[in-house]
Amino acid sequence: MKTIRIKYFTEEIEKLTYIAGKSDWIDLRAAKEVQLKRGEFTLIPLGIAMELPKGYEAHVVPRSSTFKNFGILQTNSCGLIDESYCGDDDQWFFPALAVRDTVIHVNDRICQFRIMEHQPTISFEETEVLAGENRGGFGSTGKQ
């Protein structure tokens, strides 16, 4: 088990918890109340900073209910935080674009993260033919 040092920027949000057996994603919460009008963008503070282990990164994505509940989109689709972002002031943020007027309250669960090892060093070998089944070249079904 890895231990990760975490700094909280506020006492108003619940501490991070890992729910064993349910999911390996961990919810992150808004650390400040934010009011947005349709079309507005802001960085929502998540109230934490971490010292990730060398060779690891955090993948931050919206929760499945974030758009339905708050009408916001994460503008970078997937946030990546590597182990170099570990200073005392390196708070994590959620870049949000509102598609409708909305209010996000302190402690609302708006996104989630997981810790991943960096991709291993790889090389590419060029070939004229691949060994897999031809599925039509579009998505998982091969249909457009």
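Structural data are supplied above this passage.
Residues numbered from 1 in each chain as written. Predicted model: local features only at pLDDT ≥ 70, side-chain atom pairs only at ≥ 80, totals over all residues. Heavy atoms only, no water.

Undergrad: Would you mind going over the overall build of the chain in detail, with residue names and values included?
TA: When helices and strands are tallied, the chain shows one helix and eleven strands. What you see in the chain, going N to C, is helices and strands ordered as β-β-β-β-β-β-α-β-β-β-β-β. Expected size for 144 residues packed as a compact globule is a radius of gyration near 15 Å; at 19 Å, the chain overshoots this value by more than 25%. Taking the principal axes of the C-alpha coordinates as reference, the chain spans close to 55 × 40 × 30 Å. Going through the 144 residues of the chain one by one, you find that 33% of them count as buried. Long-range pairs, those at least 24 residues apart, make up 76% of the contacts in the chain between residues at least 6 apart in sequence. Carbon and sulfur atoms make up 50% of the accessible area of the chain, which totals about 10100 Å². Computed over 17 positive and 21 negative side-chain charges, the inter-centroid distance for the chain is 8 Å. (Helix = DSSP H or I, 4+ residues; strand = E, 2+ residues; numbered from the N terminus. Rg over C-alpha atoms; globule rule 2.2 N^0.38 Å. Buried < 20%, exposed > 50% of the residue type's maximum accessible area, 1.4 Å probe, protein only. Contact = heavy atoms within 4.5 Å. Areas by Shrake-Rupley, 256 points an atom, 1.4 Å probe, with all protein chains shown as cover. Lys, Arg positive; Asp, Glu negative; His and termini not counted. Charge placed at Lys NZ, Arg CZ, Asp CG, Glu CD.)

Undergrad: Can you explain the packing of aromatic side chains? Please cite residues and give values.
TA: Within the structure shown, the criterion is met by one aromatic pair. Their ring planes at 85 degrees and their centres at 5.3 Å tell us that tryptophan 92 and phenylalanine 113 sit as a pair that is edge-to-face. One end of the pair, tryptophan 92, is in the loop between strand S8 (79–82) and strand S9 (93–98); the other, phenylalanine 113, is in strand S11 (residues 109–117), with 21 residues separating them in the sequence. With a relative accessible area of 2%, phenylalanine 113 lands in the buried category. (Phe/Tyr/Trp six-rings, centres within 6.5 Å; stacked < 30°, edge-to-face > 60°.)

Undergrad: Residues and numbers for the nonpolar core, please.
TA: By size, the foremost hydrophobic cluster in this structure holds 25 residues, and its most contacted members are Ile44, Ile72, Trp92 and Ile110. When contributions to this core are tallied by element, the ones reaching two or more residues are strand S2 (26–29), strand S3 (34–36), strand S5 (48–51), strand S6 (56–62), S9 and S11. Excluding residues within four positions of it along the chain, isoleucine 72 makes contact with Leu36, Ile44, Thr66, Phe67, Phe94, Ala96, Leu97, Ala98, Thr102 and Ile104. (Core = buried A, V, L, I, M, F, W, Y, C linked by side-chain atoms within 4.5 Å.)

Undergrad: Summarise the sheet that holds strand S4 (residues 41–45); cite the residues concerned and give the values.
TA: On the basis of which strands lie adjacent, the open sheet formed by three strands has the order S4-S9-S7 and antiparallel pairing. A single partner strand is all that each edge strand has here, and the edge strands are S4 and strand S7 (72–74). The mean angle between the axes of side-by-side strands here comes to 40 degrees, regardless of whether they run parallel or antiparallel. As paired strands, S7 and S9 are joined by three bridges and run antiparallel to one another. (Pairing = 2+ DSSP bridges. Axes fitted to C-alpha atoms, helices over the stretch in contact; angles between N-to-C directions.)

Undergrad: Summarise the pattern of salt bridges; cite the residues concerned and give the values.
TA: Scanning the model with the defined rule gives seven salt bridges in all. Where aspartate 88 meets lysine 7, a salt bridge forms, and the shortest distance between an N and an O atom there is 3.2 Å. Here the residue aspartate 88 occupies a position in the loop between S8 and S9, and lysine 7 occupies one in strand S1 (residues 5–8), the gap between them amounting to 81 residues. The salt bridge involving arginine 29 is made with glutamate 14; its shortest N-O contact spans 3.3 Å. Of this pair, arginine 29 sits in strand S2 while glutamate 14 sits in the loop between S1 and S2, and the two are 15 residues apart along the sequence. For arginine 29, a relative accessible area of 17% puts it in the buried group. Salt bridges sharing common partners tie together Asp27, Arg63 and Arg109. (Salt bridge = Lys/Arg side-chain N within 4 Å of Asp/Glu carboxyl O.)

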